[in-house]
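# Structure at a glance
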Amino acid sequence: MVVSNTRFTAAELATQLKIGTVSAVEAVQCHLDRIDDVDGDLHAFLHVSAEEALATAREVDKDRAAGVDLPPLAGVPIAVKDLICTKGIPTTAASRILEGWIPPYDASIVRNIKAARMPILGKTNLDEFAMGSSTEHSAFGDTHNPWDLDRIPGGSGGGSAVAVASYEAPLAIGTDTGGSIRGPAAFTGTVGVKPTYGSVSRYGCIAMASSLDQAGPVARNVLDTALLHEVLAGYDPRDSTSINEPVPAYADAAVHGATQDLKGVKVGVVLEMVGNGFQPGVLARFYESLTKLQNMGAEVVNLSCPSFPFAFDAYYLIMPAEVSSNLARYDGMRYGLRVEPTDGRPVTAESVTMATRGQGFGEEVKRRIILGTYALSAGYYDAFYGSAQQVRTLIQRDFAAAFDQVDVLVSPTTPTTAFKLGEKLDDVLAMYLGDVATIPANLAGVPALSMPNGIDAGLPTGFQIIAPAKEDARLYRVGAALEAALEHQWGGPLLDQAPELTVAE
Amino acid sequence: METALVPYEDAVKRYDPVIGIEVHVELSTKSKMFCGAENTAGGEPNTHVTEVCLGLPGTLPVLNRTALEYAIRLGLALNCTIAPSCRFARKNYFYPDIPKNYQTSQSDEPIASDGYVDVILDDGETFRVPIERAHMEEDAGKNTHIGGDDGRIHGALYSLVDYNRAGVPLVEIVTRPIEGAGDRAPEVARKYVETLRDIARAIDVSEARMERGQVRADVNLSLRPTPESPLGTRTETKNVNSFRAIESAVRYEVSRHAAVLDSGQPVFQETRHFHEEDGSTSPGRAKSDADDYRYFPEPDLVPVAPDPAWVEEIRAGLPEMPAQRRARLHKAWGYTDAEMRDVVNAGALDLIDATTASGVTAAAARKWWMGELSRIAKQGDVALDQLNVTPQQIGELQGLIDAGTINDKIGRQVLDGVLAGEGDPVAVVDKRGLKVVSDDGALLEAVTAALAAEPDVVDKVKAGNMGPVGAIIGAVMKATKGQADAKRVRELILEQING
Amino acid sequence: MSTITRDELVHVARLAAIDLTEAETDQFATELNVILEAVARVNTIVTPDVPATSHPLPMTNVLRDDVVIPSIPLDEIEAGAIAFEDGKFLVPQILGEE
């Protein structure tokens, strides 16, 4: 009984909690047990906050027994990417440089979660400071894909995706700068949404690239992501880029979509996003999904976004430039790691800063800081950063023109399925190119969703839906429709086809 | 290796100095620029900080509306154009007192640009200083160096950092090259910064106390052979933190540049440090490629586009600027140029203005503040406005004299009482019983007694010799402890004698 | 398009305040050139008339009221500090300051 509770979707679990068939403490405990059972192999979590989660659950149970009116997801546990500050709970960004640091404040979205009375199970693994596409750049070890433990789960949010894919948590929070929610969703057969930039507060989410970062929901189905998005979203006066508008009804859009009626919906296929380098099986599943959309009444049209091939170029200039500045604060002076030089240089603030950053940051982080510093340095700004910001304008114009014609754009989320651990570690460019389809949405600030749409050679494939800014609800409507059609074909969620994980003794 | 200096007077005969001044003004908002931490001078270290101004991971800035308003107000007071839209930028460099290792500032998009400040020099002449820009930025924390010699940096063992000041809003005001000052360059520099201080106070955006670091100046100087020559290489003397020091730093650098140029060497572009003890400067670090600040638009803050109506509202609310006010008052009060200059230099302008507002003539007000009160202030080594007397009290005091209730001599006693904290002049007069005695009955008694004591006086006066009257008046004054109305006493004496 | 030399890389690492080992310097010099080559096309499609986009959504004038909030308690600051003395962060000696 207790183990099966982990199989509930978040929406189902919320209902069970409401009618009293499952208590919040039971809901938390079964997931903690599941973490105990399988996380040794997966390593989705960097920190499990069992006591805090159970304490929250006990309060929820007490209030529910007392007849207190509770928020919809009260008692539904959640895992939080370890890039997000949690007061009193270690927050490392998977970096040695922040090892042991405990924030004295909560991120605004953590406040939202606490207000929603959702127990926080723990902090999930990621590529250091969210830089990577495989979670192999965590300073604290790789996370493994539950579909094949020898494979990467995608990144940077591999931990959050694996946590939901392996039933360690019904819900998780991710962050997405160039695909860090959507890539892992595609590789693990889960659903992840990068909301419109500004939909979810960035306050307390450790910055990677400020103009691209956006936190969002991770779950096993579209409705659950919509429900969590409603909890996370909303105006935050602490974030200057937060959208000051009411939160639309995302869950309603998902429920509407699940009726599989897409009449009048125009779906665009961007030719530049389905071409070179895509794995044939990934393309095959993509076109099968298009057919399903058409079968539900959607009109599918091809269109061109000529500047999209340059999105990759702009991204790998803007992102590292912002990274180089955002990560300057990790200097060994105030908090986190301090390393003294051992090569005979005098111990000064300057030498300690350089030694701390040299040893405290991993290779990928250093690579991007150096690249970004170079791109911003005297004599190169215009050619690199300036031009990249102009390309950004072109990409926004392409999106605007496309959305004049269609309601949503679609593409495969990633060019391939999950690759082997270590396979791309030595080929930086190949790793970066894995984000080619997810990057444009970040540059333009528009929302995008990835959902599972099939299997290729035993591994899940991902389907990406992109909507205009502030039209996140369209993602949920179209996503829920496709999900219903696919599950009808599969006879249940795709994750049911994942191999059973070995339970630790 | 420093060359011998060229005497200043000699240097300015042969070279044309060009100065440039960067002034940082701390804005007196309640909270900091980008977070709600209290903006206050002093306090225990690190007790006015939030996660934002400590630069903790994940934190984000949000601009303080009042800081923006003050920056606009200051820009308008400097006759600048307010940018219809501008952005913040990050200035990236590593230093332990800036918690994010970048300073949020403005680079090529300042909130205010292209203005000027009219500076009144000591001789009353007006000199116009062109302003290139005034931009917003955040202040840094403060380092204390521990160990080694005198806590000076060389030999320090470690440093302690307090972030109370980190994130305090600043406006940096940058002049264009100030040309045409000639041998008065040091005075122009000092007067310019004094004028900025006066403006900042007048428009109520800063307490602008230089001794507290609320106004900080960096002084650039270059020399050229003639005013027609292209600009020479400049040096920047950092943190010249008193008005006297500004003047000294310019003088010193003029002498030093002249010596370098005379020897046929080029001036080395560098940052220099000012030494308060002897008014000299010494080289700091040279400009290097480490000064690559990698500015880029701050992505965590959105552009600022002040509503033109708001800007006009701020403009309409600006008070009269100090220079205009000074000119207006000068005319209204009818002081000579020298008198006016002394009043300004004594810091008595506001005091006299407030005193005349309570109905006293400008001449009388000046007499009090520049006379008796200046003397008392000097004795106590305090500023005039620190004396324990208000302009309103001086007005009341002069009013008592004008009404004949007391005379000048008693007035000074009353002032002593006010300064001693005995209350307003009227109260002091009451308490000390200092009213002028003009009651004829009491005076007549004293006059009769005095005349009786000097019987020959009556005859002398009757014979037309008025000399001895003074002696009788003196005797009466003595008998009445100085409270007699001298004019009335004289009348009574003459009445008595002439019957 | 420019390529980054090893000397430039050493200079950039210094600007970025990161100690790199000899091996890292060599490796990054090579890799950065690969990346720069891949992204160098940004120059080729933009013309001067294209405005730069620094923020994904157009917003202006996000301001907060000038209201004071409580400071973080000193003991919490100290708990998170690497080294603390007399209420201040203790850092190694700072050079280059008067």
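Residues numbered from 1 in each chain as written. Chains lettered and ligands numbered in written order. Predicted model: local features only at pLDDT ≥ 70, side-chain atom pairs only at ≥ 80, totals over all residues. Heavy atoms only, no water.

Enumeration according to the criterion identifies 69 salt bridges over all chains in this entry. For the salt bridge of C:Asp65 with B:Arg65, the shortest nitrogen-to-oxygen distance reads 3.2 Å. Here the residue C:Asp65 occupies a position in the loop between β1 (63-64) and α4 (74-80), and B:Arg65 occupies one in helix α2 (residues 65-77), the pair thus bridging two chains. Taking the relative accessible area as the measure of exposure, C:Asp65 reaches 48% and is therefore partly exposed. Assessed through its relative accessible area of 34%, B:Arg65 is described here as partly exposed. B:Arg184 is paired through a salt bridge with B:Glu125; the nearest N and O atoms lie 3.3 Å apart. Within this pair, whereas B:Arg184 is found in the loop between β10 (169-175) and α3 (185-202), its partner B:Glu125 is found in the loop between β6 (112-120) and β7 (126-138), the two being separated by 59 residues in sequence. Here B:Glu125 falls in the partly exposed class, since its relative accessible area comes to 40%. The structure contains a network of salt bridges with shared partners spanning A:Arg202, A:Asp239, B:Arg90, B:Glu298 and B:Asp300. (Salt bridge = Lys/Arg side-chain N within 4 Å of Asp/Glu carboxyl O. Helix = DSSP H or I, 4+ residues; strand = E, 2+ residues; numbered from the N terminus. Buried < 20%, exposed > 50% of the residue type's maximum accessible area, 1.4 Å probe, protein only.)

The interface is formed by 30 residues belonging to chain B together with 38 residues belonging to chain A. Here chain B and chain A share an interface that buries about 2,600 Å² over both sides, 56% of which is from carbon and sulfur atoms. Counting every contact that joins chain B to chain A gives one salt bridge. Here A:Arg202 and B:Asp300 are joined by a salt bridge, their closest N and O atoms 2.9 Å apart. (Contact = heavy atoms within 4.5 Å. Buried area = accessible area lost by both parts, 1.4 Å probe.)

Residue and element names in this part refer to chain A. The mixed open sheet is built from eleven strands, whose spatial order is β1-β3-β2-β4-β6-β5-β10-β11-β9-β7-β8. The sheet terminates laterally at β1 (45-48) and β8 (299-303), the two strands that pair on one side only. If you compare each strand with its neighbour and ignore which way they point, the axes differ by 30° on average. Sheet topology places strand β9 (residues 408-412) next to strand β11 (residues 459-466); four bridges connect them, and they run antiparallel. Along β11, the bridge assignment pairs Ser 411 with Gln 464. Here helix α4 (residues 108-115) sits on the sheet and contacts β2 (78-81), β3 (120-124), β4 (171-176) and β6 (214-219); the angle it forms with β3, its principal contact strand, is near 155°. Sitting on the sheet, helix α16 (residues 472-490) touches β5 (191-194), β6, β9, β10 (448-456) and β11, and the angle it makes with β10 is about 15°. (Pairing = 2+ DSSP bridges. Axes fitted to C-alpha atoms, helices over the stretch in contact; angles between N-to-C directions.)

At a minimum axis separation of 11 Å, helix α12 (residues 363-376) of chain A and helix α2 (residues 22-39) of chain C run at an interaxial angle of 60°. It follows from the interaxial angle that α12(A) and α2(C) lie oblique. By crossing handedness, the relation of α12(A) to α2(C) is classed as right-handed. Of α2(C), the residues touching α12(A) (which contributes A:Glu363, A:Lys366, A:Arg367, A:Ile370, A:Leu371 and A:Tyr374) are C:Glu24, C:Gln27, C:Phe28, C:Glu31, C:Leu32, C:Ile35 and C:Leu36. Along the lines of polarity and charge, the residues of the contact of α12(A) with α2(C) split into seven nonpolar, one polar and five charged. (Parallel < 35°, antiparallel > 145°, perpendicular 65-115°, else oblique. Left-handed = near helix turned anticlockwise from the far one by under 90°. Nonpolar A, V, L, I, M, F, W, Y, C, P; charged D, E, K, R; others polar.)

Another point: the nonpolar core. Residue and element names in this part refer to chain A. Within the largest apolar cluster, 198 residues are counted, with the highest numbers of intra-cluster contacts made by Phe 129 and Leu 293. Among the elements that line this core, the one with the most residues is helix α10 (residues 311-326), at ten residues. Each residue touching Leu 293, except ones within four places of it in the same chain, is listed here: Leu 262, Val 267, Ala 298, Phe 463, Val 478 and Leu 482. (Core = buried A, V, L, I, M, F, W, Y, C linked by side-chain atoms within 4.5 Å.)

Residue and element names in this part refer to chain A. With respect to the element layout, Ser 450 can be found in strand β10. Since its relative accessible area comes to 0%, Ser 450 is described here as buried. At a separation of 2.8 Å, a polar atom in the side chain of Ser 450 contacts the side chain of Thr 413. Not counting the four nearest positions on each side in its chain, Ser 450 is found in contact with Arg 182, Ala 185, Ala 186, Thr 190, Val 191, Gly 192, Thr 413, Gly 462, Phe 463 and Gln 464. (Polar contact = N/O pair within 3.5 Å; in protein donor to acceptor, adjacent residues only side chain to side chain.)

Below, the discussion takes up unusual backbone geometry. Residues other than glycine predominantly adopt negative phi, and peptide bonds predominantly adopt the trans conformation. A cis amide bond links A:Gly155 to the next residue, A:Ser156, at an omega of 5°. Note on placement: A:Ser156 falls in the loop between β3 and α5 (158-165). Phi at A:His43 is positive, roughly 55°, even though this residue is not glycine. Structurally, A:His43 can be placed in the loop between α2 (24-42) and β1. The phi dihedral of B:Asn46 falls on the positive side, at around 55°, and the residue is not glycine.

Moving on: the domain arrangement of chain B. In terms of domain boundaries, chain B breaks down into domain 1 (8-315), domain 2 (321-432) and domain 3 (440-498). Taken over C-alpha atoms, the centre of domain 1 of chain B sits 70 Å from the centre of domain 3 of chain B. (Domains from an automatic or database assignment.)

Right, let's get into the sheet that holds strand β2 (residues 84-85) of chain C. With antiparallel pairing, the four strands of this open sheet are ordered in space as β8(B)-β9(B)-β3(C)-β2(C). The sheet is open, and its two edges are formed by β8 (142-146) of chain B together with β2 of chain C, each paired on a single side. Pairing of β2(C) with strand β3 (residues 88-92) of chain C, which is carried by two bridges, proceeds in the antiparallel orientation. The residue bridging C:Glu85 from the neighbouring strand is C:Lys88, located in β3(C).

Attention now moves to the packing of helix α8 (residues 349-357) of chain B against helix α10 (residues 391-402) of chain B. Residues and elements named next belong to chain B. It is the contact of α8 with α10, at a shortest axis distance of 8 Å, that shows an interaxial angle of 45°. Relative to α10, the element α8 lies oblique. Between α8 and α10 the crossing geometry is right-handed. Across from Leu 351, Ala 354 and Thr 355 in α8, the residues of α10 making contact are Pro 391, Gln 392, Ile 394 and Gly 395. Residues of the contact of α8 with α10, tallied by class, amount to four nonpolar, three polar and no charged.

For the rest of this paragraph, the subject is the environment of A:Leu433. Residues and elements named next belong to chain A. Tracing the backbone through its elements, the reader meets Leu 433 in helix α14 (residues 428-433). Owing to a relative accessible area of 40%, Leu 433 belongs among the partly exposed residues under this scheme. Distance from Leu 433 to Ser 133, taken between C-alpha atoms, is 9.6 Å for residues 300 residues apart in sequence. Residue contacts for Leu 433: discarding those within four places in its chain leaves Phe 312 and Pro 415.

A few words on helix α1 (residues 10-19) of chain A. Residue and element names in this part refer to chain A. Among the residues of α1, those classed as buried are Ala 10, Ala 11, Leu 13, Ala 14, Gln 16 and Leu 17. Against α2, α3 (50-65), β4 and α7 (222-232) lie the buried residues of α1. Remark: Gly 20 follows α1 within two positions and exhibits a positive phi of approximately 90°.

Looking now at the interface of chain A and chain C. In this complex, chain A contributes 68 residues to the contact, which on the side of chain C involves 56 residues. Both sides together, the interface formed by chain A and chain C hides about 5,100 Å², and carbon and sulfur atoms give 68% of it. Of all residues in chain A, A:Met354, A:Ile370 and A:Tyr374 bury the most surface against chain C, accounting for 13% of the area lost on that side. Run the count over chain A and chain C and you get five salt bridges. One salt bridge connects A:Glu350 with C:Arg14, and the closest N-O pair in it is separated by 2.9 Å. Across the contact surface, chain A and chain C share 23 residue pairs in polar contact (both at pLDDT 80 or more). Contributions of two or more residues to the side of chain A that touches chain C are made by α10, α11 (349-360), α12, α13 (382-405), α14 and α15 (439-444) of chain A. At twelve residues, α13(A) tops the list of elements feeding residues into the side of chain A that touches chain C. Its residues placed into classes, the side of chain A that touches chain C shows 35 nonpolar, 20 polar and 13 charged.

Moving on, we get to α3(B). Residue and element names in this part refer to chain B. Helix length check: α3, at 18 residues, gives a terminal C-alpha distance of 25 Å against a target of 26 Å (1.5 Å per residue), a fit within 8%. Taken across its 18 residues, α3 has 15 buried, putting it largely inside the fold. Backbone geometry just after α3 places Asp 204 at a positive phi near 65°. (Expected span 1.5 Å × (residues − 1).)

Here we come to the domain arrangement of chain A. Residue and element names in this part refer to chain A. In terms of domains, chain A is made up of domain 1 (4-304 + 402-497) and domain 2 (311-389). Between domain 1 and domain 2, the residue contacts involve 27 residues of the former and 24 residues of the latter. With both sides pooled, the region where domain 1 packs onto domain 2 buries about 2,300 Å², and carbon together with sulfur makes up 70% of that total. Looking only at domain 1, the three residues that lose the most surface to domain 2 are Ile 97, Met 131 and Tyr 432, adding up to 31% of its buried area. The interface formed by domain 1 and domain 2 holds zero salt bridges in total. At the junction of domain 1 and domain 2, the tally comes to nine residue pairs in polar contact (both at pLDDT 80 or more). At the level of elements, α14 and α15 are the ones that each hand at least two residues to the side of domain 1 that touches domain 2. Element by element, the count of residues in the side of domain 1 that touches domain 2 is highest for α14, at four residues. The residue makeup of the side of domain 1 that touches domain 2, split by class, is 17 nonpolar, seven polar and three charged.

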